[in-house]
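Read off the chains here:
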Amino acid sequence: MNKQPVELSEIKTEILHASISVDNDMNDKSKKENNVRMLKARRAIEAYREEKRLHDSIANGWDYPD
């Protein structure tokens, strides 16, 4: 009878560790996805600004000599 509570306790501990591990993996995956999304957003903003600068330069006649 003594063995059963010990085994049950060990099983509960293993389940808890597995649950924590799954939670950590999900959090890591979520962080990576958020980082990728932020990088794409930054690149899109940079591309937009570069296109706007190019458009403004062309509109101001950068290619015409003084």
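Our subject in this report is the structure included herewith. Bear in mind the structure is a predicted one, so any value in this text is a computation, not a measurement.

### Side note on the overall build of the chain
Next, step 1: Within the chain one finds 1 helix and 0 strands.
Next, step 2: Across the 66 residues that make up the chain, the buried fraction comes to 2%.
Next, step 3: Roughly 6700 Å² of accessible area belongs to the chain as shown, and the carbon and sulfur atoms make up 56% of that amount.

### Comments concerning the pattern of salt bridges
Next, step 1: This model, assessed by the stated rule, comprises 2 salt bridges.
Next, step 2: Residue Arg 53 is joined to Glu 50 by a salt bridge in which the shortest nitrogen-to-oxygen separation is 2.8 Å. Here Arg 53 and its partner Glu 50 are both found in helix H1 (residues 3–59), 3 residues apart, which amounts to about one turn of the helix.
Next, step 3: On the basis of relative accessibility, which here comes to 49%, the residue Arg 53 falls in the partly exposed class.
Next, step 4: Glu 50 gets classed as partly exposed once you look at its relative accessible area, which sits at 45%.
Next, step 5: Here Asp 56 ties to Lys 52 by a salt bridge, and the two come within 3.6 Å at their closest N and O atoms. Of this pair, Asp 56 and Lys 52 both sit in helix H1, 4 residues apart, which is roughly one turn of the helix.

Calculation criteria
- All chains use their own residue numbering, which begins from 1 and follows the written sequence.
- Predicted model: local features are reported for residues with pLDDT of at least 70 only, side-chain atom pairs are reported and counted for 80 or more only, and whole-chain, interface and lining totals are derived from all residues.
- With hydrogens and water set aside, each side-chain value is computed from the structure's full complement of heavy atoms.
- What counts as a helix is a DSSP run of H or I of at least four residues, what counts as a strand is a run of E of at least two, and both are numbered from the N terminus.
- Exposed residues in this analysis have more than 50% of their type's maximum accessible area, buried residues have under 20%, and partly exposed residues fall in between, with area computed by a 1.4 Å probe over protein chains only.
- A 1.4 Å probe and the Shrake-Rupley method give the accessible areas. Residues count as covered only by the protein chains that appear here.
- The salt bridge definition used is simple: a Lys or Arg side-chain nitrogen within 4 Å of an Asp or Glu carboxyl oxygen.

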